[in-house]
Amino acid sequence: MSPQRVAVVTGGLGGIGTAICRQLAQAGCRVIAADLEGPPERRAAFGQAMQGLDAESAVLDVSDFDACAAFVADVESRHGTLDIVVNNAGITRDTTLRRMDRVQWDAVIDVNLGSVFNLCRHAVDGMVARGFGRIVNLASVNGQTGQFGQTNYSAAKAGMHGFTMALAREVARKGVTVNTVSPGYCATALVAAMPEAIREDIVSKVPVGRLGEPGEIARAVAFLAAEESGFITGANLPVNGGLFMSF
């Protein structure tokens, strides 16, 4: 019987993050959702969604290198291991490049891409030493296609998969896999906040004719994080309803 795996999911209190936490916990993992402090009701909603499952939440600013080091050390100290890292945290600061200021650029790069380095840099040594690890990075269809008004976001998400492929080569022989999931547009609070006309236009372009569900993204993550997925590494798994197709 395989040991219980310990999984960290950044941005774990959001819609997709919570769905990922549920899937991993239902698969038998002990799950830690790492996220900003946020309003108390957000953490309470997570607790309710994870009722009866082996899960907890922790406060973490993923853009802070030293905070990520302390966080990984604490997880390994309390649980003895850190086996699965899901880099899901992300923000948007949308505007055209001609209007974008340095603060908007830096914020998105630091949270969406810098965080992947910050957490993996501290987690990967233990994975290599133990001979097992699963890293799954949540990119985006917009990192594959580009998106108007998202030079910062598209660059960060494309960069995540470049990071994935390079790290996958470095640790492949050590029992550690590194993969990317690239979601399309999903039924989350972020998409719900868009003007209705924009949402309808997005859905009209999706071949399956609807938005994705957070659970559908989570299923892809859980698949890549599984014990049995050890021969898949450096891959990008698009989950976008056919919005973007490629070899």
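Reading the values: rules and limits
Residues numbered from 1 in each chain as written. Predicted model: local features only at pLDDT ≥ 70, side-chain atom pairs only at ≥ 80, totals over all residues. Heavy atoms only, no water. UniProt positions renumbered as here; feature names shortened; annotations may be inferred. Helix = DSSP H or I, 4+ residues; strand = E, 2+ residues; numbered from the N terminus. Buried < 20%, exposed > 50% of the residue type's maximum accessible area, 1.4 Å probe, protein only. Contact = heavy atoms within 4.5 Å. Axes fitted to C-alpha atoms, helices over the stretch in contact; angles between N-to-C directions. Parallel < 35°, antiparallel > 145°, perpendicular 65-115°, else oblique. Left-handed = near helix turned anticlockwise from the far one by under 90°. Nonpolar A, V, L, I, M, F, W, Y, C, P; charged D, E, K, R; others polar.

Named according to an unreviewed UniProt entry, the protein chain is Acetoacetyl-CoA reductase originating from Luteimonas yindakuii. Its UniProt record gives the protein chain a comment under Sequence similarities (unreviewed entry), which states: "Belongs to the short-chain dehydrogenases/reductases (SDR) family."

**Student:** Give a detailed account of the environment of Leu-243, specifying residues and quantitative values.
**Tutor:** Within the secondary structure, Leu-243 sits in the segment after strand 7 (236-239). In this structure Leu-243 comes out as partly exposed when scored by relative accessible area, which is 27%. Sequence spacing of Leu-243 and Val-208 is 35 residues, and the spatial spacing of their C-alpha atoms is 8.4 Å. Not counting chain neighbours up to four residues away, the residues in contact with Leu-243 comprise Val-141, Tyr-185, Lys-205, Val-206 and Pro-207.

**Student:** Would you mind going over the packing of helix 1 (residues 15-26) against helix 9 (residues 214-225) in detail, with residue names and values included?
**Tutor:** Angle between the axes and distance between the axes are the two parameters that describe a pair of packed helices. In the contact formed by helix 1 and helix 9, the axes pass within 8 Å of each other and the chain directions differ by 45 degrees. Here helix 1 lies oblique to helix 9, going by the angle between them. Note that helix 1 runs across helix 9; the crossing there is right-handed. Mapping the contact onto sequence places Gly-15, Ile-16, Ala-19, Ile-20, Gln-23 and Leu-24 in helix 1 and Pro-214, Gly-215, Ile-217, Ala-218, Arg-219, Val-221, Ala-222 and Ala-225 in helix 9. Looking at the contact of helix 1 with helix 9, its residues break down into ten nonpolar, three polar and one charged.

**Student:** Just give me the short version of the packing of helix 4 (residues 102-130) against helix 6 (residues 151-171), but keep the residues and values in it.
**Tutor:** Viewed as axis vectors pointing N to C, helix 4 and helix 6 meet at an angle of 15 degrees, and their least axial separation amounts to 9 Å. One way to sum up the angle between helix 4 and helix 6 is to call them roughly parallel. Crossing geometry of helix 4 relative to helix 6 is assigned as right-handed. Facing Gln-104, Trp-105, Val-108, Ile-109, Asn-112, Leu-113, Val-116, Phe-117, Cys-120, Val-124 and Val-128 of helix 4, the residues of helix 6 in contact are Thr-151, Asn-152, Tyr-153, Ala-155, Ala-156, Lys-157, Gly-159, Met-160, Phe-163, Leu-167 and Val-171.

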